[in-house]
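Observations on the model geometry
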Amino acid sequence: MDVTSMFTHATFPLGPFVPYENNPILRPRGGSWESANLYNPAALVVDDEVVLLYRAHAEDIVSHIGLARSSDGFHFEREAEPILSPVEDYERYGCEDPRIAYIDGTFYLTYTGWDRHSAQLCLATSTDLHDWTRHGPMFESFDTFATVDPRGFNWSKAGVIVPVRMQGKWWMYFGEGAIYWATSDDLIHWTPGTPDTEPMYSPTPGSFDADLVEIGTSPVLTENGLLVMLTNGATRTINPDGSVDVDYRCGQIAIDPDDPTKVLARLQDPWLRPQTFEDRNGLVSNVTFVEGLVHFQGRWLAYYGQSDTTLAVAVHDPKQTWGATLGA
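Anyway, here's the lowdown on the structure attached to this text. Predicted, not measured: the structure shown is a model, and the values here were computed from it. (Residues numbered from 1 in each chain as written. Predicted model: local features only at pLDDT ≥ 70, side-chain atom pairs only at ≥ 80, totals over all residues. Heavy atoms only, no water.)

1. What to know about the environment of Ser-71
- Mapped onto the secondary structure, Ser-71 falls in the loop between strand S4 (64–70) and strand S5 (77–78).
- Residues Ser-71 and Val-45, 26 residues apart in the sequence, show an inter-C-alpha distance of 9.9 Å.
- Excluding residues that lie within four positions of it along the chain, Ser-71 makes contacts with Phe-296 and Gln-297. (Helix = DSSP H or I, 4+ residues; strand = E, 2+ residues; numbered from the N terminus. Contact = heavy atoms within 4.5 Å.)

2. A word on the pairing of strand S21 (residues 299–306)
- Of all eight residues in S21, seven are buried; the element is thus mostly enclosed.
- The pairing of strand S20 (residues 288–296) with S21 spans eight bridges and is antiparallel. Bridge pairing in S21 links Val-290 to Tyr-304.
- What sits between S20 and S21 in their antiparallel hairpin is a turn of two residues, with Gln-297 showing a positive phi close to 50°.
- Bridge analysis of S21 against strand S22 (residues 310–316) gives seven bridges, and the strand direction is antiparallel. Looking at S22, one finds that Tyr-304 is bridged to Ala-312.
- If you look at the hairpin formed by S21 and S22, you'll find three residues sitting between the two strands, and Ser-307 has a positive phi there, around 50°. (Buried < 20%, exposed > 50% of the residue type's maximum accessible area, 1.4 Å probe, protein only. Pairing = 2+ DSSP bridges.)

3. Considering the packing of aromatic side chains
- With the rule as written, the count across this model stands at 15 aromatic pairs.
- With a centroid separation of 5.0 Å and an interplanar angle of 90°, the aromatic rings of Phe-142 and Tyr-180 are classed as edge-to-face. Taken together, the residues span a long stretch of sequence, with Phe-142 in the loop between strand S9 (133–137) and strand S10 (159–161) and Tyr-180 in strand S13 (residues 180–184) at a distance of 38 residues.
- By relative accessible area, which is 0% here, Tyr-180 ends up buried.
- Among the aromatic residues, ring-to-ring pairing joins Trp-114, Phe-145, Phe-153 and Trp-155 into one connected group. (Phe/Tyr/Trp six-rings, centres within 6.5 Å; stacked < 30°, edge-to-face > 60°.)

Without other data, these values stay purely geometric and don't point to any function.
This is the structure in structure tokens:
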């Protein structure tokens, strides 16, 4: 398996990305576990194929994680059965929103366990992407919304593991609401670096991530040595009837591995925003939500969910430069 491609060919900011003209690349199908909604994929390159681990569910909205493979990054063959389904009480209503890292022969899968009360960041490991060992919730009693919109109970989502050591430890960046960091000696047991009242990155007032930020994809290393992570940001509008409209767009942050607890820079404008019918209409409308990024066959492919209903990809050709595609 080639993991070095995630640490070459990158710059900050990474892009521009252009949505694939034939999106969505995966839709719900049949009367099965993935019949209603299919979205929010992790991605990696395994044996010269792009592998997606995606979230899907039927009308019961109990999420499972499925697997699909592609030789070109655009046309995928799905496995018939999910590779991870709810088993434990903390995930009984869903295994959601996977991210993945491959380190020394082991796949480390982070996902959200949902019991319709707490959303908890969980860890599972595998050597073959099919047989998984669960390690349970990682940050119990932690609320990643503590400084944004406090939940008052356990709430932690969205974790990406850096697949190389920094400062002698393994590092994870995590959080929905605000973003935090944690370290580990063994990749299984993780300790947050700060209390939940001290995030390393928070929403930016007046911006596309004014109300919420969330870790998106696993990091890549730029040519000048910065860690770059794609993020998700949201704004919320409260309507007169009390309902809430959201708008999710995708950003980027850069971190110096010599000082991994601080965000050095953020992309001021979103590199991806709701534009198409699928982006604007679905289970949760007006959402482009990135969770997967690979460098494959000379291009960067960013995989994202469209309104929690379908799955799409945006493409960056390194020969392209930033221009009028940014912002708006």
